[in-house]
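# Chain and residue survey
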Amino acid sequence: MTSKFTISRRDFLSTTAAATVMAGVSMPKIAFGADDVVKIGFLAPLTGEVAAWGKPGLDGCQIWADWVNADGGVKIGDKAYKVEFVPYDDEYDPSKARTGAVKLIKEVGVKFVMMLGGDPWPGAAPIAEKEQMLFSTLLPSDLSPETTLLVAPCEVHPIYNVTGVEWLAEKKPELKTAVICAQDDSLGKPSVATYLAAFEAAGIEVLGKPIFFDPATTDFAPIMSKMLALKPDIVCLDTCYADYVHPLVEQAFQQGFKGQMISCTADFYQKMVEKTSKEFMEGFVFQFPDFDDPALNAEHVNFRKPNDFYAEFVKRFGAGEWSAVSWEYASIMDLWADAAGRAGTTEPVKVLEAMQVGGTGKQAFGEADWWGKELFGIDNALVGLWPVVKITDGKARIQEFKSIPAWWDKHKDLLIKHMTALDQMYFQRG
Amino acid sequence: MHKPENKSPNIVGFIGFVLLVVVLAVLPHMLSFSQQEILVLLVINVLLVCSYRLLTLTGEWSLAHAVIMGVGAYASALASKELSVPVPLAMLIGASVAGFLAFLLSFPLFRMKGFYFLIASFAAGEVIRLSWKWSDLTFLFGGPKGIKRIPPFPDFLTIDFYEPVNYYYLCVVVVAVSLLILYRVEKSRIGLTFHAIHWQDKLAESVGVNTFRYRMLAFVISAFFAGLAGALYAHYVGAIAPKRFDVEEMVYILIWAIVGGTATFYGPIIGVVALTILNEVVLRSLGVDEMRPMFYGAVLIIAILFMPNGLEGLVPKIKNLFTGPPKDGNRSLTPSQATE
């Protein structure tokens, strides 16, 4: 897929220089009129226990907007539009999401709404349908045949978790057993099904049943004790929230675990290193890189200037604030801006058509396919390469980009089997 | 405990009632789209917190009320979605199931009082809530993701109840009738017995009052209306999940009741209205989303420090500003003192 709209920093500088020269004799080339603003809704948890997957994403979006606006804005049709994000805290609650969707669409006049997804999505879904508004989610488990205006264009949670297990099995074939724990909720369960499939595909035996703990849990010592009693080679922390990953890792450290740990996320991992030790965290595998990683400068990576983005994020908010979602919403905006530019309009249905033309798209880590019919009932998830990240000497570093579709082609029956067993297929959900 | 009710025609009261009706009728048209959404949820929460107050009349504070609201929501959603029961009937079924569950819970719970009842109600509520997430029952309750695509309230003639203004009017009618029933219960002999059990349960028993049955009655009536609030919520939002009815939601109910005050019928209503406006309108309009919990907490602390009788304590003071101090010298009587 080729994009008509690309503005590099070099383009911006040359345009700006030319404009400066011409300033004395003509009007500036780049100027936003009063109406030349396109508003984008950011409907995600900014407070509460899930805020770690909302707020850092909004911070990343502000950087994205500042850069794009400084480069002349998003070119749609004959005009360049300044981008403005309008946030609404949905508190991870469907009724608040409904109110937020109404406010953003009917009062603010946004042209696209980004959500974390999960529990709040069903509250916003009828509004999306009625107002014909394009929404994005980070959680493709929200997708179903009815959600025609919902896309998961960045993260295909939890399917990418298979890449971490596959990499681990290739690099450390001596690891033969694993235990899994997760919070008992809409993020934990599909992720457990994915890890079960990935471990089975890799020939790693899962000891005992996965432990599902209540999200209200505060004492993680018994959970870790129960898992370590099985003497596993691998402790898998599934897609636990940061508030659970940290105490679980601390417990593993305090209870003397010496084996391999794997997790979907390791948000704010520097704090875990501080609480345990560099030696203990060495080799910890997860799925979300720091964007100062040199591997992100690879040619197939579509996210623009990832190292600069990370540096700017750290400068504005601090290294400790970088999380799994800091770059994700911004990468969705790359896709949206590209599609709106090609569609020549911000009209949501037309932007979606432009986004999905040809059945492929430029996902952050490379060219990807619009996929998901068998798992979600609709091809609205963009899936391709995903990085496997390992902590080395206290720093997260990408080890390899692995292909999710390649794993799926070989092992899809396993994933469907485990998803079905945990009632996570689209036709089993509510 | 109660002042004798003035049976003579009260013209001021009538004018006040008419004004209230006019305000409630006009209000949604003066608000923005999103504020209309908040208004619908606010009216539902008024019923929720008023139903909670009925139970507190007997002196017992439950931590299961949010879960009982959820029972009504789940039962109504399942009845309409799985059994194709018409939504209005499903709502009544939801409320009845919540009431019936409270009846069953009464037997173990009312073997305890005070702090022990509080803890036991929390445990019972969590058992119910966790059963919705139990993997063996996912086919029924939808597990952690709950139930989605719950049938909305059906259109009536040309009235589309998907529209918040129309649903608001529906809720206002349902809640007004419910509050009238709750009010009449409180003012009846049964309500007086609730008060008696609260303040002198041993004395009440000594004169032949079956305190267990009256506590059970308060719990069942309270649960019925909490279940009705849950049903109204479920068919409006269209999705419910166990997390929606967790202890955090219960804490909000307690905060509304405590900050508003529970000595008068209107106390919790003032609490829920004031705090909802503060949290959802004022603090959001300041554009400090991530700071809202801090501001909200600070306001609560200030309210409790400076208004220990709740916001309802302001009402007599405001009334005195207009009518002057009472001639009987009873000027400093707070609502709670008046009730006691």
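Residues numbered from 1 in each chain as written. Chains lettered and ligands numbered in written order. Predicted model: local features only at pLDDT ≥ 70, side-chain atom pairs only at ≥ 80, totals over all residues.

## Overview of the packing of helix α6 (residues 188–201) of chain A against helix α15 (residues 404–421) of chain A
Residues and elements named next belong to chain A. At their nearest, the axes of α6 and α15 sit 8 Å apart, and the two run at 140° to each other. Judged on the interaxial angle alone, α15 and α6 are oblique. Taken as a pair, α6 and α15 cross one another with a handedness that is right-handed. Facing α6, whose interface residues are P190, A193, T194, L196, A197, E200 and A201, α15 presents H411, L414, L415, H418 and M419. Class assignment for the residues of the contact of α6 with α15 results in eight nonpolar, three polar and one charged. (Axes fitted to C-alpha atoms, helices over the stretch in contact; angles between N-to-C directions. Helix = DSSP H or I, 4+ residues; strand = E, 2+ residues; numbered from the N terminus. Parallel < 35°, antiparallel > 145°, perpendicular 65-115°, else oblique. Left-handed = near helix turned anticlockwise from the far one by under 90°. Contact = placed C-beta atoms within 7 Å. Nonpolar A, V, L, I, M, F, W, Y, C, P; charged D, E, K, R; others polar.)

## Quick notes on the environment of F365(A)
All names here are of chain A. Counting through the fold element by element, F365 comes out in the loop between β13 (360–363) and β14 (366–371). F365 gets classed as buried once you count the C-beta atoms within 10 Å, which come to 23. For the pair F365 and W386, spaced 21 residues apart in sequence, the C-alpha separation works out to 6.5 Å. Residues in contact with F365, not counting those within four places in the same chain, are V301, G384, L385, W386, P387 and F401. (Buried ≥ 20, exposed ≤ 12 C-beta atoms within 10 Å, placed from the backbone.)

## Thoughts on the packing of helix α2 (residues 55–70) of chain A against helix α12 (residues 328–343) of chain A
Residues and elements named next belong to chain A. The N-to-C vectors of α2 and α12 enclose an angle of 40°; their axes lie 7 Å apart at closest approach. If you check the angle between α2 and α12, you find them oblique. Listed contacts from α12 to G57, G60, C61, I63, W64 and V68 of α2 are E328, Y329, A330, M333 and A337. Of the residues belonging to the contact of α2 with α12, the class tally is eight nonpolar, two polar and one charged.

## Digging into the sheet that holds β14(A)
All names here are of chain A. Overall, antiparallel pairing links the three strands, which are arranged β13-β14-β15 in an open sheet. Bordering the open sheet on either side are β13 and β15 (381–383), each of which pairs with just one other strand. For this sheet the average axis-to-axis angle between neighbouring strands, irrespective of direction, equals 45°. Taken together, the four bridges between β13 and β14 define a ladder with antiparallel strand orientation. (Pairing = 2+ DSSP bridges.)

## Focus: the nonpolar core
Counting 143 residues, the largest nonpolar core has L43(A), A101(A), V113(A) and A124(A) as its most contacted members. Looking at this core element by element, the count peaks at ten residues for α12(A). Residue assignment places this core across two domains, with domain 1 (9–157 + 301–383) and domain 2 (161–293 + 386–421) of chain A each supplying three or more. When sequence neighbours within four positions are dropped, the list of residues in contact with A101(A) reads L43(A), V113(A), A124(A), I127(A) and A128(A). Within the second largest apolar cluster, 86 residues are counted, among which are L48(B), L55(B), Y168(B) and A218(B). (Core = buried A, V, L, I, M, F, W, Y, C linked by C-beta atoms within 7 Å. Domains from an automatic or database assignment.)

## Observations concerning the interface of chain A and chain B
Reports of interface size often rely on the accessible area that becomes lost once the parts have come together. Listed by partner, the interface residues are 27 residues for chain A and 27 residues for chain B. Going through the elements one at a time, β3 (79–89), α3 (94–108) and α4 (121–131) of chain A are the ones with two or more residues in the side of chain A that touches chain B. Looking at the side of chain A that touches chain B element by element, the count peaks at eight residues for α3(A). Tallied by class, the residues present in the side of chain A that touches chain B amount to seven nonpolar, six polar and 14 charged.

## Looking at α6(A)
Residues and elements named next belong to chain A. Across its 14 residues, α6 extends 20 Å between first and last C-alpha, which sits within 8% of the 20 Å expected from 1.5 Å per residue. Across the 14 residues that make up α6, a large majority, twelve, are buried. After α6 finishes, the residue G203 shows a positive phi value of roughly 75°. (Expected span 1.5 Å × (residues − 1).)

## Focus on the domain arrangement of chain A
Residue and element names in this part refer to chain A. Parsing chain A into structural domains produces domain 1 (9–157 + 301–383) and domain 2 (161–293 + 386–421). Here the C-alpha centroids of domain 1 and domain 2 sit 29 Å apart. Counting residues at the interface gives 25 residues for domain 1 and 24 residues for domain 2. Listing elements by their share of the side of domain 1 that touches domain 2, those giving two or more residues are α11 (306–317), β14 and α14 (373–376). The element that contributes the greatest number of residues to the side of domain 1 that touches domain 2 is α11, accounting for five residues. Grouping the amino acids of the side of domain 1 that touches domain 2 by side-chain chemistry returns 15 nonpolar, six polar and four charged.

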